[in-house]
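Observations on the model geometry
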Amino acid sequence: MQEHEKSVKFTKEVNILGRITSIIALIAMYAVPFGVAAIFKIDFSITKALAASSSLIAIFLPTAVVENLSFYNIFGAGGMYLSSITGNITNMKMPVTVAGQKIAGVESGTESGDVIAIICVGVSSIVTVFILILGVFLIGTWLVPILNNPILKPGFDHITPALFGAIAIPQVINNKKLSATPLIYAFGIFLVLGSAFFGRYQSYILITNMFLSVLVAYRLYSKGHLK
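Residues numbered from 1 in each chain as written. Predicted model: local features only at pLDDT ≥ 70, side-chain atom pairs only at ≥ 80, totals over all residues. Heavy atoms only, no water.

With respect to the packing of helix α1 (residues 2-39) against helix α2 (residues 46-86)
Contact geometry for α1 and α2: axes closest at 9 Å, N-to-C directions at 10°. Between α1 and α2, the angle is such that the two are roughly parallel. Of the residues in α2, those in contact with Val14, Asn15, Gly18, Arg19, Thr21, Ser22, Ala25 and Met29 of α1 are Ala77, Gly78, Tyr81 and Ile85. Taken together, the residues of the contact of α1 with α2 sort by class into 6 nonpolar, 5 polar and 1 charged. (Axes fitted to C-alpha atoms, helices over the stretch in contact; angles between N-to-C directions. Helix = DSSP H or I, 4+ residues; strand = E, 2+ residues; numbered from the N terminus. Parallel < 35°, antiparallel > 145°, perpendicular 65-115°, else oblique. Contact = heavy atoms within 4.5 Å. Nonpolar A, V, L, I, M, F, W, Y, C, P; charged D, E, K, R; others polar.)

Overview of the nonpolar core
In terms of nonpolar packing, the biggest core is built from 9 residues, these being Phe71, Ile74, Phe75, Met80, Ile89, Met94, Val98, Val121 and Ile167. Looking at this core, the elements that each hand over two or more residues are α2 and α3 (89-104). No other element matches α2, which puts 4 residues into this core. With near-sequence residues (within four places) excluded, methionine 94 lies in contact with Phe71, Ile74, Phe75, Ile89 and Ile167. (Core = buried A, V, L, I, M, F, W, Y, C linked by side-chain atoms within 4.5 Å. Buried < 20%, exposed > 50% of the residue type's maximum accessible area, 1.4 Å probe, protein only.)

Thoughts on the packing of helix α7 (residues 176-200) against helix α8 (residues 202-222)
Remark: α7 packs on α8, axes separated minimally by 9 Å, with the N-to-C direction vectors making an angle of 160°. One way to sum up the angle between α7 and α8 is to call them roughly antiparallel. Here α7 runs over α8; the crossing is right-handed. Facing α7, whose interface residues are Lys177, Leu178, Thr181, Pro182, Tyr185, Ala186, Ile189, Phe197, Phe198, Gly199 and Arg200, α8 presents Gln202, Ile205, Thr208, Asn209, Leu212, Ser213, Val216, Ala217 and Leu220. Of the residues that constitute the contact of α7 with α8, the class distribution is 12 nonpolar, 6 polar and 2 charged. (Left-handed = near helix turned anticlockwise from the far one by under 90°.)

Concerning α7
With 25 residues, α7 extends just 28 Å between its outermost C-alpha atoms, more than 12% less than the 36 Å of an ideal straight helix rising 1.5 Å per residue. Its maximal kink placed at glycine 194, α7 deviates by approximately 120°. Of all the positions in α7, only Ser179, Thr181 and Ile189 are classed as buried. At its buried positions, α7 is contacted by α6 (159-174) and α8. (Expected span 1.5 Å × (residues − 1). Bend = angle between axes of the 7 residues up to and from the residue.)

Observations regarding the packing of aromatic side chains
Tallied over the full model, the rule gives 2 aromatic pairs. Here the aromatic rings of tyrosine 30 and phenylalanine 34 are separated by 6.4 Å at their centres, their planes lie at 45°, and the arrangement is tilted. Highlighted residues: tyrosine 30 and phenylalanine 34, both in helix α1, separated by 4 residues, approximately one helical turn. For phenylalanine 34, a relative accessible area of 40% corresponds to the partly exposed category. Centroid distance phenylalanine 71 to phenylalanine 75: 6.0 Å. Interplanar angle 85°. Geometry classified as edge-to-face. Of the two residues, phenylalanine 71 and phenylalanine 75 are both situated in helix α2; the distance of 4 residues between them amounts to about one turn of the helix. Its relative accessible area of 9% is what places phenylalanine 71 among the buried residues. (Phe/Tyr/Trp six-rings, centres within 6.5 Å; stacked < 30°, edge-to-face > 60°.)

Structural notes on α2
Note that an α-helix has 3.6 residues per turn; residues three or four places apart therefore point the same way. When the terminal C-alpha atoms of α2 are compared, their 26 Å separation across 41 residues is substantially less than the 60 Å that a helix rising 1.5 Å per residue should span. At glycine 76, α2 is bent by approximately 110°, the largest bend along its length. Among all positions of α2, only Pro62, Val66, Phe71, Ile74, Phe75, Gly76, Ala77, Gly78, Gly79, Met80 and Ser83 are buried. Where α2 terminates, the next one or two residues include glycine 87, which has phi positive at roughly 80°.

Remarks on the confidence of the model for the protein chain
Averaged over all residues, the pLDDT of the protein chain equals 82, while 97% of them reach at least 70. When mean pLDDT is compared element by element in the protein chain, α1 scores highest at 87, while α6 scores lowest at 77. (pLDDT = per-residue confidence, 0-100.)

This is how it looks when you write it as structure tokens:
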């Protein structure tokens, strides 16, 4: 009972702190455009801004919803708040968190996994800021030509797929029954409808893939094929 109370208290405090810091971050983000508009007396219409961004909202809103649903199991509440504020989730926070949980020997979705996720996201955010400062003020002038080198540039352009491949392959191997459905569904749509359609509607494909995977997993579990 005491452990349960500690767990409830931890979750409650994490959510309170996450909401407060999220509100502060939103205020700081919106203060820049509104502040510039006020100082330089720029005519700013919220209605026109929403109308101009409606197409972007239609594209990225489903992606944002899907990402929060799919990432939550790995990050937990604290890691989700922190990673959403600091950004760079897919390129940095996700691989670091998965690797950290594996090194610590904890499962994602557990309290221990959530604590490790908070630590991983926090440390990676600090490292990112440090590298950015280092790159801007010290090594940026000679690092850019190296990154844009014709021999090295293809590798740097495919860092994200390589990271996700390194994360996905062990999961596929260790969970063959659960991995079959999303892989077959995604590859089937890609092969039948083409890369252009897949790239344009990937957020919607991901949503349907998630629901289909959950249904298949529940079916397998109810039949006793999963423990």
